[in-house]
Amino acid sequence: MKIPKSSEDLIKEIFLCVDLNEELGDLRLRQLIRLLPKVSDEIIIKSVIKVFNNIDRNETLYLDQLFAGKILISINPKSVLDLKSILNEILENWNKSIRDMPLWLFNNYTKNDLNNELSLILNDSFESNERRDKVETMMWWIKSM
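All figures in this text were calculated on a predicted structure; none of them were measured in a lab.

This next bit is on the side chain of Asp64. Its location among the elements puts Asp64 in helix 5 (residues 61–75). Residue Asp64 is classed as buried on the basis of its relative accessible area, which comes to 3%. Sequence-distant contacts of Asp64, that is, excluding residues within four places in its chain, are made with Ile14, Phe15, Val18, Val51 and Arg57.

Laid out in structure tokens, this is it:
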């Protein structure tokens, strides 16, 4: 396994970890996590967001997001990305049982900023019921932390 040099490299590695999970368990993921301190926070964050936003792997969606979430929590990359844009990218496809994404958001943004952004989405009458439901779940996760 090589150190990922781009977000595409890291996404491929995450998907490979998931695809080999039945054979190897989380061994490959743990090996990948040991390499990631050598990868920029920006690459890690962009990769994880793309994994959470990916709609091409429905059969492995849960594990894809679970493994990406474990990376977020293990590495805790610092983000300078706009919170609103992150939420807009991940909410549509986010599996509500993956608590690592809200936990990472909570650890990287102020609770007030996070609650404000989530409230804006929740109170937007143009938002779908599904997105509002996901926002409510994310707020529940955040309150439980």
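Here we take up the nonpolar core. One finds Ile71, Met101, Leu105 and Met138 to be the most contacted residues of the largest nonpolar core, which totals 42 residues. By residue number, the principal contributor to this core is helix 4 (residues 41–53), which donates 7 residues. The contact partners of Ile71, leaving out residues within four places of it in the chain, are Ile14, Leu29, Leu32, Ile33, Leu36, Ile44, Val48 and Asn76.

Of all 9 residues in helix 7 (residues 100–108), 7 are buried; the element is thus mostly enclosed. Listed in full, the buried residues belonging to helix 7 are Asp100, Met101, Pro102, Leu103, Trp104, Leu105 and Asn108. Buried positions along helix 7 lie against helix 4, helix 5, helix 6 (83–90), helix 8 (111–122) and helix 9 (129–143).

Relative to the helices and strands, Ser144 resides in the segment after helix 9. As for Ser144 and Trp104, which are separated by 40 residues in sequence, their C-alpha atoms are 13 Å apart.

The topology assignment puts Lys143 in helix 9. Sequence spacing of Lys143 and Arg57 is 86 residues, and the spatial spacing of their C-alpha atoms is 30 Å.

When you line up the elements, Ser47 lands in helix 4. The residues touching Ser47, leaving out its near neighbours within four places in the chain, are Ser7, Leu10 and Ile11.

Turning our attention to the packing of helix 3 (residues 27–35) against helix 5. Orientation of helix 3 relative to helix 5, taken along the N-to-C sense of each, is 35 degrees, at an axis distance of 10 Å. Relative to helix 5, the crossing made by helix 3 is right-handed. In this structure, helix 3 contributes Leu29, Leu32 and Ile33 to the contact, and helix 5 contributes Phe67, Lys70, Ile71, Ser74 and Ile75.

The rules behind each value
Residues numbered from 1 in each chain as written. Predicted model: local features only at pLDDT ≥ 70, side-chain atom pairs only at ≥ 80, totals over all residues. Heavy atoms only, no water. Helix = DSSP H or I, 4+ residues; strand = E, 2+ residues; numbered from the N terminus. Buried < 20%, exposed > 50% of the residue type's maximum accessible area, 1.4 Å probe, protein only. Contact = heavy atoms within 4.5 Å. Core = buried A, V, L, I, M, F, W, Y, C linked by side-chain atoms within 4.5 Å. Axes fitted to C-alpha atoms, helices over the stretch in contact; angles between N-to-C directions. Left-handed = near helix turned anticlockwise from the far one by under 90°.

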